[in-house]
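Structural overview for review
The lines below spell out each chain.
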Amino acid sequence: MKRLTRYPSYNVMNEQHEWDEHTRKILNSRLQTSGNHSFLTVVEAEMLRSWCSLLVDDHRPEIIQFVLDHIDQSLSSGEESQRKPGIPPAQVLVRKGLEALEKACQSIHTELFFHLEEEQQKQLMEEVSQGEAVPLEVWRHVPQQVFFQKLLTMSIEAYYSHPEVWSEIGFGGPAYPRGYARMEQLDPWEAKEEQRKA
Amino acid sequence: MKRKYEGETVDVVIVGAGAAGGVLAKELSEAGMRVVVLEAGPWRDPQHDFASDELAMQQLGWQDTRIVDGADPLQMGHNNCGKGVGGGTVHFTGVFLRFHETDFNAKSLDGVGEDWPIGYADLAPYYDKVEKEIAVSGPKHYPWGSFHGPYPYPERDPISLNAQLFAKGCEKLGIRWVVSPLAILSAPFEDRPPCINRGFCTQGCMPNAKFSTLIVHIPKAIQAGAEVLPDCMVTQVNMGKDGRATGVTFVHNGTAYEQRAKLVIISAYAVETPRLLLNSANAQFPNGLANRSGWVGKAFMTHSSNDVYARFDHDVRLYKGTPVLATTQDFYHLSGEVARGYTLHAHGVRPLSFAKGISKSDGNRPVWGSKLHEAMLDYNAYARITMVGEVLPSPDNTVTLCDEKDLNGMPRAKVTFSYGDNDKLLIDHAVSTMKGILQAAGGKPEFVVPDTAHLMGGCRMGSDPDSSVVNSYGQTHDIPNLFVCDASIFVTSGAGNPTNTVMALASRTADYIKKRASRMEL
């Protein structure tokens, strides 16, 4: 059975009146996603919606929409800190990767990725993560593992920056200007454990 | 752009406003020199531009693309390069250690690496000065190295649960530990408050409890008359026919400008410093400036910085408090099969870094989907230790220019890095020690995350102009009025966090420049 949060009634956003304005604005904007993408096409976004949901094991639409918005924004900015020689810039890498994914799905299943059964999707993702996806012809110009890693990194960045996810893992969140006063005990606003699997 | 010294020749132009550039700007402008500091990144205001958020604050890192190569290509950006006034000091953990005497003579002592042209004693007075200037907090007695305390300010109290577990594990195993020396205030100092344990040191300190040159040295430099220009990327060191530097060319909002200066100091860190020297090649210096030896960009180093996460049957809450609050240097100088050594820190972490880290814990098999999700549900139950491991210099680890260019038309830096055999043995040794400490504290080690931190070398100092780029004061052997002063002049990496040493070296260089300039010798 799928594990659940140990802090079901905790909501880190309940404390936002204690935060500085800049942080509060940033976190509120994550709860209001736009879905207006400047880099991703509609089909690309739909493929990523399925792909990223499985990467982070969560299908809640508003959270995955924030993941997609973040990916779109990152790709639009063109910033990527580093890449290996011979690896295309992130924009090209993701676009070509999604193209290959679509072709591979059509060739094997005659379906789009987001129409596949979840098990089929996971199987294909596992193969890409190991650089073993076929047909070879389709994936020839895409470094599969780099493609997989790029999407995983961007998805993690967004997913584990979403306040709802913070609440579930019991992260106490922003603490300025008040700070954390108690080191050994919990501060009154921190998540308290309500259930825990033995 | 409004400029104070447009069309003028100033005494000093400093490229980069980080740990070294900040110290130099303050020292030299307070000595009455006319100083201009050019910083590639923005000028941020901690209370309004920083946020308690990992994702938003990734922008503190240098995000322009570098090409990374070698057997162990580096992850660049937030964990090792700053961009903006204050540079890396804006988002470092504040760990403030001195190098040990043994760091300056690896070759003589252990037959590996190289010897520095200076010893601990040359830096000691500058360590004293820097630590006092920013009120470093630390223990009354520090058991390792040549400096045994007391630190200017008392050690931090209380410490996080993660640090307490580290202490417990160490004590069970007979390993000595201390509350870490930190450039983070334990009591008020000047106009700054003590730390409130917000925990976001690497996202930029909002209360100003953590030192950075953004809030300490740069304001003092400006007070003394220095001009600091943000968002100005230096693309070229300009040279005169007489073989002396005449200033620099920089780009601001797409337009190129020149700043003429009697003295040019490059403090742009271990990637951008060699990149700039190499890109400034001209007919007289076809292989790049200060590169007669061919050592510009060579012997580039990082620290191994692997993390071990262990799960406990109670909450630890890695997000609370200053990330690093407990340290051991019992393994600083190993003997036997592994040469040199490492420092260990109890090291807190927020969710994004935690998730990114453990996703990479299984080599070429990324951790994702339900496995990642389940581990993250127990984020609060994990403790973590991080190593700072010495990486030996190798001429094969380099910073070079590649064909691809950035938006300013400047070739991108290519950073090539591979671990050597000793580096790998050292990591294994440290990982095993970290697991042991966490187990002794009652935890079950679950994830080992390969990581690196801190960049050093690439313009190493030395007495021999044929095998080094600068002398011990950062003065290039080839061009008397061109200095390099940052971690790129390190000869070896040491086994502890380098910022204190970078700043002590900068302070020493500043003294040298002041003395020589007053005698008109530069």
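The structure this text deals with has already been given above.
In terms of regular secondary structure, chain B is built from eleven helices and 18 strands. Radius of gyration (C-alpha) of chain B: 22 Å, near the 24 Å computed for a compact globule of 522 residues. Structurally, chain B occupies a C-alpha span of about 70 × 45 × 45 Å along its principal axes. The 522 residues of chain B split such that 67% are buried. For chain B, long-range pairs separated by at least 24 residues make up 74% of all intrachain contacts whose partners lie at least 6 apart in sequence. Element-wise, carbon and sulfur atoms account for 48% of the exposed surface of chain B, whose accessible area totals about 16800 Å². Averaging the locations of the 50 positively and 56 negatively charged side chains of chain B gives two centres separated by 3 Å.

For the rest of this paragraph, the subject is helix α4 (residues 90–109) of chain A. Residue and element names in this part refer to chain A. For α4, spanning 20 residues, the distance from its first C-alpha to its last is 27 Å, which sits close to the expected 28 Å at 1.5 Å a residue. When α4 is considered as a whole, its buried residues turn out to be A90, L93, V94, G97, L98, A100, L101, A104 and C105. The arc that holds the buried residues of α4, viewed along the axis, is 165°, so those residues lie on one side.

On to the packing of helix α8 (residues 351–359) of chain B against helix α9 (residues 369–377) of chain B, then. Each pair of packed helices can be summarised by the angle the axes make with each other and by the distance between the axes. Residues and elements named next belong to chain B. Close contact between α8 and α9 brings their axes to 11 Å; oriented N to C, the two are set at 140°. In terms of axis orientation, α8 runs oblique to α9. Taken as a pair, α8 and α9 cross one another with a handedness that is right-handed. Here α8 contributes P351, F354, A355 and I358 to the contact with α9, which in turn contributes L372, A375 and M376. Counted by class, the contact of α8 with α9 contains seven nonpolar, no polar and no charged residues.

Every regular strand shows the same layout, with side chains that alternate between the two sheet faces. Residues and elements named next belong to chain B. The element strand β12 (residues 342–347) is largely enclosed, with a buried count of six among its six residues. Residues of β12 alternate between two faces, with Y342, L344 and A346 on one and T343, H345 and H347 on the opposite face, all of them buried. Here five bridges tie β12 to strand β13 (residues 382–389), and the two strands are oriented antiparallel to one another. Each residue of the ladder has a partner; that of T343, found in β13, is V388.

Our next topic: the side chain of R98(B). All names here are of chain B. Position of R98 among the secondary structure elements: in the loop between β3 (66–69) and α3 (106–110). We classify R98 as buried; its relative accessible area is 7%. Separated by 2.9 Å, the side chains of R98 and Y120 make a polar contact. In this structure the side chain of R98 is engaged in a polar contact, spanning 2.7 Å, whose partner is the side chain of D128. In this view, R98 contacts Y120, A124, Y127, D128, E131, F147 and N500; residues no more than four positions away in its chain are not counted.

Our focus in this paragraph is the side chain of Q121(A). Residues and elements named next belong to chain A. Here Q121 lies in helix α5 (residues 118–129). Of the residues examined, Q121 reaches a relative accessible area of 6% and is grouped as buried. Side-chain polar atoms of Q121 contact the backbone oxygen of F113, separated by 2.8 Å.

The subject of this paragraph is the pattern of salt bridges. Following the criterion strictly, the structure yields 48 salt bridges over all chains and no others. A salt bridge links R6(A) to E193(A); the shortest N-O distance between them is 3.0 Å. You can see R6(A) sitting in the segment before α1 (21–31) and its partner E193(A) sitting in the segment after α8 (163–169), a full 187 residues away along the chain. Residue R6(A) is classed as buried on the basis of its relative accessible area of 2%. Taking relative accessible area as the criterion, E193(A) reaches 34% and is therefore assigned partly exposed. Across the pair R365(B) and E126(A) runs a salt bridge whose closest N-O atoms are separated by 2.8 Å. Taken together, the residues span two chains, with R365(B) in the loop between α8 and α9 and E126(A) in helix α5.

Another point: the environment of K132(B). All names here are of chain B. Turning to its location among the elements, K132 is positioned in helix α4 (residues 120–133). Residue class for K132 comes out exposed when judged on its relative accessible area of 64%. With 170 residues separating them in the primary sequence, K132 and T302 have C-alpha atoms 28 Å apart. If we ignore the near neighbours within four places in the chain, the residues touching K132 are P152 and F189.

All names here are of chain A. Here α4 crosses helix α7 (residues 144–159) at 110°, and the two axes come no closer than 10 Å. If you check the angle between α4 and α7, you find them roughly perpendicular. Contacts from A90, L93, V94, G97 and L98 in α4 reach V146, F147, K150, L151 and M154 in α7. Partitioned by chemical class, the residues of the contact of α4 with α7 number eight nonpolar, one polar and one charged.

Turning our eyes to something else, we now look at the interface of chain A and chain B. Every contact between the two is made by 65 residues of chain A and, on the other side, 67 residues of chain B. Between chain A and chain B, a total of about 5200 Å² is buried, with carbon and sulfur atoms accounting for 55% of that surface. By the criterion of area lost to chain B, the three top residues of chain A are S81(A), Y176(A) and M183(A), representing 14% of everything that side buries. For K320(B), the salt bridge is made with E190(A), and the minimal N-O distance between the two is 2.7 Å.

Reading guide: rules and limits
- The numbering scheme is per chain: residues are counted from 1 as the chain's sequence reads.
- Note on labels: chains are lettered from A, ligands numbered from 1, in written order.
- In keeping with the predicted nature of the model, local features appear solely for residues at pLDDT of at least 70, side-chain atom pairs appear and are counted solely at 80 or more, and the whole-chain, interface and lining totals rest on all residues.
- Hydrogens are left out, water is left out, and the side-chain values use all remaining heavy atoms of the structure.
- Secondary structure elements follow DSSP: runs of H or I no shorter than four residues count as helices, runs of E no shorter than two count as strands, and numbering proceeds from the N terminus.
- Radius of gyration means the value over C-alpha atoms here, while the globule rule gives 2.2 Å times the residue count to the 0.38 power.
- Only protein chains enter the accessibility calculation, which uses a 1.4 Å probe; a residue whose area is less than 20% of its type maximum is buried, one above 50% is exposed, and one in between is partly exposed.
- We call two residues in contact whenever any of their non-hydrogen atoms come within 4.5 Å of each other.
- Using the Shrake-Rupley algorithm and a 1.4 Å probe, accessible areas are obtained, with residue cover drawn only from the displayed protein chains.
- Only four residue types enter the charge count, namely Lys and Arg as positive and Asp and Glu as negative; His and the chain termini do not.
- One atom stands in for each charge, and that atom is NZ of Lys, CZ of Arg, CG of Asp or CD of Glu.
- Working rule for helices: expected span equals 1.5 Å times residues minus one.
- Each C-beta atom gives one direction from the helix axis, and the arc is the one those directions make.
- Fitted lines through C-alpha atoms give the axes, limited to the stretch in contact for helices. The angle between two N-to-C directions lies from 0 to 180 degrees.
- An angle below 35 degrees is treated as roughly parallel, one above 145 as roughly antiparallel, one from 65 to 115 as roughly perpendicular, and anything else as oblique.
- Less than a right angle of anticlockwise turn of the near helix away from the far helix marks a crossing as left-handed, whereas a clockwise turn marks it as right-handed.
- Polarity classes work like this: nonpolar for Ala, Val, Leu, Ile, Met, Phe, Trp, Tyr, Cys and Pro, charged for Asp, Glu, Lys and Arg, and polar for all others, with Gly in that last group.
- Any two strands with at least two DSSP-identified bridges between them are counted as paired.
- Whenever two N or O atoms come within 3.5 Å, that pair is a polar contact, provided that in protein one can donate a hydrogen and the other can accept it, and provided that, for residues adjacent in sequence, both atoms are side-chain atoms.
- The term salt bridge refers to a side-chain nitrogen of Lys or Arg lying within 4 Å of a carboxyl oxygen of Asp or Glu.
- Accessible area, probed at 1.4 Å, shrinks when two parts are joined; the buried area is that loss added up over both.

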